[in-house]
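Here's the letter readout for the chains.
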Amino acid sequence: MKTPQTSKHFRRVVDKLTGVPYYVLTTRCTVYQQGFYFVNNSMTRDGRYLWFYAVENPVYSTSDRNLGYVDFLTDEIVICYDSLFDDASPYVDADSGEVYFTRGKSIYRRRPGRSEKAEKLCTVKIDGYVELLATHLTRLSDGYSFLLDVRKKDFGFTLGTVDIRTGVFTEWSSVDICTNHAQINPKCDTLALCACDGWRDLQGNYHRIPFDEKGNYMRLWTATKDGGRMMYPAMHNYATHEWWSDDGKKIYYCCDGHGIYGIDITTGENITILDCVDPWHAHCTKDEDLFVYDEKKLERYGGRWYRGCPAALNFLNRRTGKHLVVIAEMSENGHTPENQNDYHIDPHPRFTENEKYIVFSTTELGGCDLAIAVVDELVEMTS
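Every value quoted in this text rests on a predicted model; they were computed, and no experiment measured them.

K.L.:
Give a description of the layout of surface pockets that names residues and reports values.
P.N.:
In this model, the largest pocket occupies a volume close to 1400 Å³. Lining the largest pocket we find 50 residues, and of these N180, H181, D197, R307 and H344 sit closest to its centre. Mapped onto the lining of the largest pocket, the elements with two or more residues apiece are β11 (130-132), β13 (145-152), β16 (179-185), β18 (199-200) and β22 (240-244). Class assignment for the residues of the lining of the largest pocket results in 20 nonpolar, 14 polar and 16 charged. The calculated volume of the second largest pocket comes to roughly 870 Å³. Forming the walls of the second largest pocket are 33 residues, and the residues nearest its centre are Y91, P186, D246, R350 and E353. Within the residue set of the lining of the second largest pocket, elements represented by two or more residues are β7 (91-92), β12 (138-139), β16, β22, β26 (282-284) and β30 (350-351). Looking at the lining of the second largest pocket, the element that brings in the most residues is β16, giving 3 residues. Its residues assigned to classes, the lining of the second largest pocket comprises 11 nonpolar, 11 polar and 11 charged.

Structure representation (structure tokens):
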């Protein structure tokens, strides 16, 4: 079986400033070939299938994204034009290679194989018009239930689970402030991590993430099946782009301009992974010894963020305490605060399920491309 290092579809690239190698999918099948949003794994445990977003016309943002995959056994790329999906919903079964995704009020499954077709598994039995079923799907341990953070057209944000065999939805709670980025706890099917994000009400008014009566920024939440919710204050009173530790005991998050931090929900202890860095999105291995994160590079425009801005990629080896810049700066390719990219092309780095690779998106070739860093190579460089 091929690997990203040996496949004919990938090219080895060495960053000119850092000397660190990585591998870019250079066989062009669609205009953008992008890694998944960092919450969800995109590669099977055995390394055979690597799924990615396949975008034909990026000017229309997220309205025309299908899925594609690399089959490292046959060394071929397949674009699945029957897999149009909403938001960042795709979830890959790390053993079978099949992918689940949402579209409208329904959940679909697409198995690998050129002759396969996406099949509708169920239409979720929930009243009213639904704008979005899930930001990104995460699956419960039973193998047939998924966590949903439902956004309704008539205004409201409902958290719950769906049984894909029947479409029956079990509501956990419903609130009038935005609840999204929901992720089931890896060890507990009745506990979820979710975020409060900015939102627009029915009148079109935009609401920023609120502060509570004590002045705490209300980003980080957990929710339980019995309707309970708990908000967790963050370091430096700011948090974004959060994820569960594999043991289900810790919430990790990024804090712009400050670092990567965590909260042990069993003890309430605050955890510092990195101080004095400016992380954008981050992820870690199951043992929490290795971290990867991207960061915005905004020096050209006085610190103003814009879609398509330059970005760096970084690696931390906590076993040795060494930090490595993998990519010093991914180009903005002509984008500016006044001429932003229409598409969501942030790097979004994530360790694969087998932890052999880090998958991310890069602008190295002038657009948006799927890229991989080899974990063993980064570990060796930080040993």
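K.L.:
Go over the packing of aromatic side chains with me, naming the residues and quoting the values.
P.N.:
Under the counting rule described, the total for this entry stands at 20 aromatic pairs. Three or more aromatic residues joined by ring pairs form one cluster here, namely Y37, F38, W243, Y252 and F291. Against the face of Y53 rests R65, its NZ or CZ located 5.4 Å from the ring centre. We note R103 situated over the ring of Y108; from NZ or CZ to the ring centre the distance is 4.3 Å.

K.L.:
Tell me about the sheet that holds strand β20 (residues 220-224), and please be specific about residues and values.
P.N.:
Spatial strand order, β16-β17-β20-β21: 4 strands in an open sheet with antiparallel pairing. Looking at strand neighbours, the two that pair on one side only are β16 and β21 (229-232), the edges of this open sheet. In this sheet, neighbouring strand axes are inclined to one another by 25° on average, regardless of whether the strands run parallel or antiparallel. The pairing of strand β17 (residues 188-196) with β20 spans 5 bridges and is classified as antiparallel. Within β20, the residue paired with A195 across the bridge is L220.

K.L.:
So what about the nonpolar core? Which residues, and what values?
P.N.:
W51, Y53, L67, W243, I260, I273 and F291 are the most contacted members of the largest nonpolar core, which has 35 residues in total. Going through the elements one at a time, β4 (49-55), β5 (65-71), β6 (76-80), β8 (99-103), β23 (250-255), β25 (270-275), β26 and β27 (290-296) are the ones with two or more residues in this core. By residue number, the principal contributor to this core is β4, which donates 4 residues. Once you skip the residues sitting within four places of it in the chain, F291 turns out to touch W243, Y252, I260, I273, H283, C284, N314, F315, L316, R318 and F351.

K.L.:
Give me the sheet that holds strand β29 (residues 322-330): which residues, what numbers.
P.N.:
The sheet built from 4 strands is open, its strands ordered β26-β27-β28-β29 with antiparallel pairing. For this open sheet the edge positions go to β26 and β29, each flanked by a neighbour on one side alone. Adjacent strand axes in the sheet meet at a mean angle of 15°, parallel and antiparallel pairs treated alike.

K.L.:
I'd love a proper account of the pairing of β5, names of residues and values included.
P.N.:
On any regular strand, side chains alternate: one points to one face of the sheet, the next to the other face. A large share of β5 lies buried, amounting to 7 of its 7 residues. Bridge analysis of β5 against β6 gives 5 bridges, and the strand direction is antiparallel. Following the sheet pairing, G68 is matched in β6 by I79.

K.L.:
Outline the state of the cysteines, supporting the account with residue identities and numerical values.
P.N.:
A full pass over the atoms with the stated rule returns 0 disulfides. Here C255 stays unpaired: no disulfide links it, and the sulfur of C254, its closest cysteine neighbor, is 8.9 Å away. Residue classification places C255 among the buried residues on the basis of a relative accessible area of 0%.

K.L.:
Help me get a handle on unusual backbone geometry, residues and values and all.
P.N.:
A positive phi is found at D87, a non-glycine position, where the angle reads about 45°. For D87, the position within the fold is in the loop between β6 and β7. A relative accessible area of 32% places D87 in the partly exposed class. Even without glycine at this site, H241 takes up a positive phi of about 50°. Residue placement: H241 occurs in strand β22. Note on H241: relative accessible area 15%, which makes it buried.

K.L.:
So what about empty space enclosed by the protein? Which residues, and what values?
P.N.:
On inspection of all chains with the given rule, the structure shows 2 cavities of 30 Å³ or more. For the largest cavity, the calculated volume is near 70 Å³. Around the largest cavity sit 13 residues that line it, and C309, A311, I345, P347 and T363 are the ones nearest its centre. Looking at the lining of the largest cavity residue by residue, the classes come out as 7 nonpolar, 5 polar and 1 charged. By volume, the second largest cavity amounts to about 60 Å³. Lining the second largest cavity, in full, are G35, F36, Y37, F38, N40, N41, S42, H348, R350, F351, T352 and V359. When its residues are assigned to classes, the lining of the second largest cavity shows 5 nonpolar, 6 polar and 1 charged.

So, how was this worked out
Residues numbered from 1 in each chain as written. Predicted model: local features only at pLDDT ≥ 70, side-chain atom pairs only at ≥ 80, totals over all residues. Heavy atoms only, no water. 1 Å grid on protein atoms, 1.4 Å probe; cavity = no way out; pocket = protein on both sides within 12 Å on 5 of 7 lines; lining within 4 Å. Points joined across faces, edges and corners; volume = space filled by probe spheres on them. Helix = DSSP H or I, 4+ residues; strand = E, 2+ residues; numbered from the N terminus. Nonpolar A, V, L, I, M, F, W, Y, C, P; charged D, E, K, R; others polar. Phe/Tyr/Trp six-rings, centres within 6.5 Å; stacked < 30°, edge-to-face > 60°. Lys NZ or Arg CZ within 6 Å of the ring centre and 35° of its normal. Pairing = 2+ DSSP bridges. Axes fitted to C-alpha atoms, helices over the stretch in contact; angles between N-to-C directions. Core = buried A, V, L, I, M, F, W, Y, C linked by side-chain atoms within 4.5 Å. Buried < 20%, exposed > 50% of the residue type's maximum accessible area, 1.4 Å probe, protein only. Contact = heavy atoms within 4.5 Å. Disulfide = S-S within 2.5 Å.

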